[in-house]
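What follows is each chain in one-letter form.
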Amino acid sequence: MVDVLDNSQGRRVTALSSHPPIPTRVVLLTGPSGSGKSSFAARSGLPVLCLDDFYKEGDDPTLPQVPGSTDIDWDSPLSWDADVALAAIEELCRTGRTRVPVYDIATSSRVGQERLDIERTPLFIAEGIFAADIVARCGEIGVLADAICLRGRPSTTFRRRLLRDLREGRKSVPFLLRRGWRLMRAERAIVARQSALGAHPCGKDEALGRVAAAAAGRCVKARADAA
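Residue positions are given per chain, counting from 1 as you read along its sequence in written order. It should be noted that, the model being predicted, local features are given only for residues of pLDDT at least 70 and side-chain atom pairs only at 80 or more, the latter also being counted only at that level, while totals for whole chains, interfaces and linings use all residues. As a rule here, side-chain values cover all heavy atoms of the structure and leave hydrogens and water aside.

Draft legend 1. View of the overall build of the protein. Looking only at helices and strands, one finds six helices and nine strands in the protein. Note on contacts: a residue pair is in contact if any heavy atoms of the two residues lie within 4.5 Å. Counting only contacts in the protein whose residues sit at least 6 apart along the sequence, the fraction spanning at least 24 positions is 72%. Using the Shrake-Rupley algorithm and a 1.4 Å probe, accessible areas are obtained, with residue cover drawn only from the displayed protein chains. Surface summary for the protein: the accessible area is close to 12,100 Å², and the carbon and sulfur share equals 53%. Only runs of H or I of at least four residues qualify as helices and only runs of E of at least two qualify as strands under DSSP, and these elements are numbered from the N terminus.

As structure tokens, this is what we get:
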């Protein structure tokens, strides 16, 4: 809708614009822990929704455990609140703003809430290890621009993840070593699962090209029908 001047009456009237507003859509960015999702998202220059902030809290009785261990399996989608994350994405696409939890990984708890405002930006990135789990649902509600899975060499991912987690004090050193070794062995299976859920596996250069295409309004088929 736009205001135009009615010269015959000297007043403004509302008319339909021939150029409707561009709907806001999301690029879902996933990949194994340590694959470089956060740095890639920051490099894109687009607004970013961090999906790790939607982890469940450490005292949640529904948290899964690593089989044969007392460790909480923070790499299982069951440790994450997909419904709340999806609602935040839908609200961002519809209104350009939402409130998101602030999650402290070291204490496994939500320590606050903040407002995320992307204004009228037509594209934003939602990044996290569970992003592929909502590819189909984002497609169903019509907000999906693309879904990308960053992949690399498992040994490189292991080293990057461990250095990051130690630097940030995310968990105890023994836990991080156990988790890192387990994830390195499972990395190819993790990428295969995320691909099967509809995320396109690729390196950073190709991923940048796909994001640029989505930002330009060109359709890159995200394989939501593979879910």
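Draft legend 2. Representation of the nonpolar core in the model. Counting residues in hydrophobic clusters, the biggest one holds 38 residues, and the most contacted among them are Leu28, Leu49, Leu51, Ile89, Phe124 and Cys138. Going through the elements one at a time, strand E3 (25–30), helix H2 (82–95), strand E5 (97–104), strand E7 (123–127), helix H3 (135–140), strand E8 (144–150) and helix H5 (173–196) are the ones with two or more residues in this core. Sort the elements by how many residues they give to this core and H2 lands first, with seven residues. Discounting chain neighbours no more than four positions away, the residues touching Ile89 are Val26, Leu28, Leu49, Leu51, Phe124, Ala126, Ile134, Cys138 and Val143. With 14 residues, the next largest nonpolar core counts Val27, Phe40, Ala207 and Ala214 among its residues. Residues belong to a common nonpolar core when they are buried Ala, Val, Leu, Ile, Met, Phe, Trp, Tyr or Cys residues joined through side-chain atoms within 4.5 Å. Each residue is assigned to one of three classes by its accessible area relative to the maximum for its type, calculated with a 1.4 Å probe on protein chains only: buried under 20%, partly exposed between the two thresholds, exposed over 50%.

Draft legend 3. A look at unusual backbone geometry. A positive phi is found at Ser108, a non-glycine position, where the angle reads about 55°. Note that Ser108 resides in the loop between E5 and strand E6 (109–117). Judged by relative accessible area, Ser108 falls into the buried class, the value being 10%. At Glu119, a position not held by glycine, the phi torsion is positive, near 55°. For Glu119, the position within the fold is in the loop between E6 and E7. Judged by relative accessible area, which is 61%, Glu119 ranks as exposed.

Draft legend 4. Summary view of the packing of helix H4 (residues 154–168) against H5. Here the axes come from fitting lines to C-alpha atoms, over the contacting stretch only for helices, and the angles between their N-to-C directions go from 0 to 180 degrees. It is the contact of H4 with H5, at a shortest axis distance of 9 Å, that shows an interaxial angle of 155°. Judged by the angle between their axes, H4 and H5 are roughly antiparallel. In the crossing of H4 with H5, the sense of the turn from one axis to the other is right-handed. Contacts between H4 and H5 involve Pro154, Ser155, Thr157, Phe158, Arg161, Leu162, Asp165 and Leu166 from the first element and Val173, Leu176, Leu177, Arg179, Gly180, Trp181, Leu183, Met184, Glu187 and Arg188 from the second. Amino acid classes used here: Ala, Val, Leu, Ile, Met, Phe, Trp, Tyr, Cys and Pro are nonpolar; Asp, Glu, Lys and Arg are charged; the rest, including Gly, are polar. Looking at side-chain class alone, the contact of H4 with H5 contains 10 nonpolar, three polar and five charged residues. An angle counts as roughly parallel when it lies under 35 degrees, as roughly antiparallel when it exceeds 145, as roughly perpendicular when it falls between 65 and 115, and as oblique in every other case. It is the rotation of the near helix from the far one that decides the hand of a crossing: anticlockwise by less than a right angle makes it left-handed, clockwise makes it right-handed.

Draft legend 5. Molecular detail of a positive patch on the surface. A contiguous patch of positive charge, built from Arg43, Arg153, Arg159, Arg160 and Lys204, is present on the exposed surface. Structurally, Arg160 is set in helix H4. Nonpolar side chains (Val, Leu, Ile, Met, Phe, Trp, Tyr) within 5 Å and like charges within 9 Å form the patches, drawn only from residues with over 30% relative accessible area and no salt bridge. Basic side-chain nitrogens of Lys or Arg form a salt bridge, by our definition, when they fall within 4 Å of a carboxyl oxygen of Asp or Glu. Counted as positive: Lys and Arg. Counted as negative: Asp and Glu. His and the chain ends are not counted at all. In this description, the location of a charge corresponds to atom NZ of lysine, CZ of arginine, CG of aspartate or CD of glutamate.

Draft legend 6. Seen up close, the side chain of Lys56. One can find Lys56 in the loop between strand E4 (48–50) and H2. The side chain of Lys56 sits in the buried core without any salt bridge; Asp60 is the nearest counter-charge, 5.0 Å away. Here Leu78 takes part through its backbone oxygen, which lies 2.8 Å from a polar atom of the side chain of Lys56. Dropping the residues within four chain positions of it, Lys56 is found in contact with Thr62, Leu63, Trp74, Leu78, Ser79, Trp80, Asp81, Tyr103 and Ser108. Polar contact criterion, stated in full: a pair of N or O atoms within 3.5 Å, where within protein one must be able to donate a hydrogen and the other to accept it, and residues adjacent in sequence count only if both atoms are side-chain atoms.

Draft legend 7. Geometry of a nonpolar patch on the surface. On the surface, a cluster of nonpolar side chains totalling about 250 Å² of accessible area is made up of Leu166, Val173 and Leu177. Relative to the assigned elements, Val173 resides in helix H5. Judged by relative accessible area, Val173 falls into the partly exposed class, the value being 45%.

Draft legend 8. The arrangement of the pairing of E8 in detail. Within E8, seven of the seven residues are buried, leaving the element largely enclosed by the surrounding structure. In this description, strands pair whenever DSSP reports at least two bridges between them. Examined bridge by bridge, E8 and strand E9 (residues 200–202) share three bridges and lie parallel to one another. When the sheet's bridge partners are listed, Leu150 is paired in E9 with Cys202.

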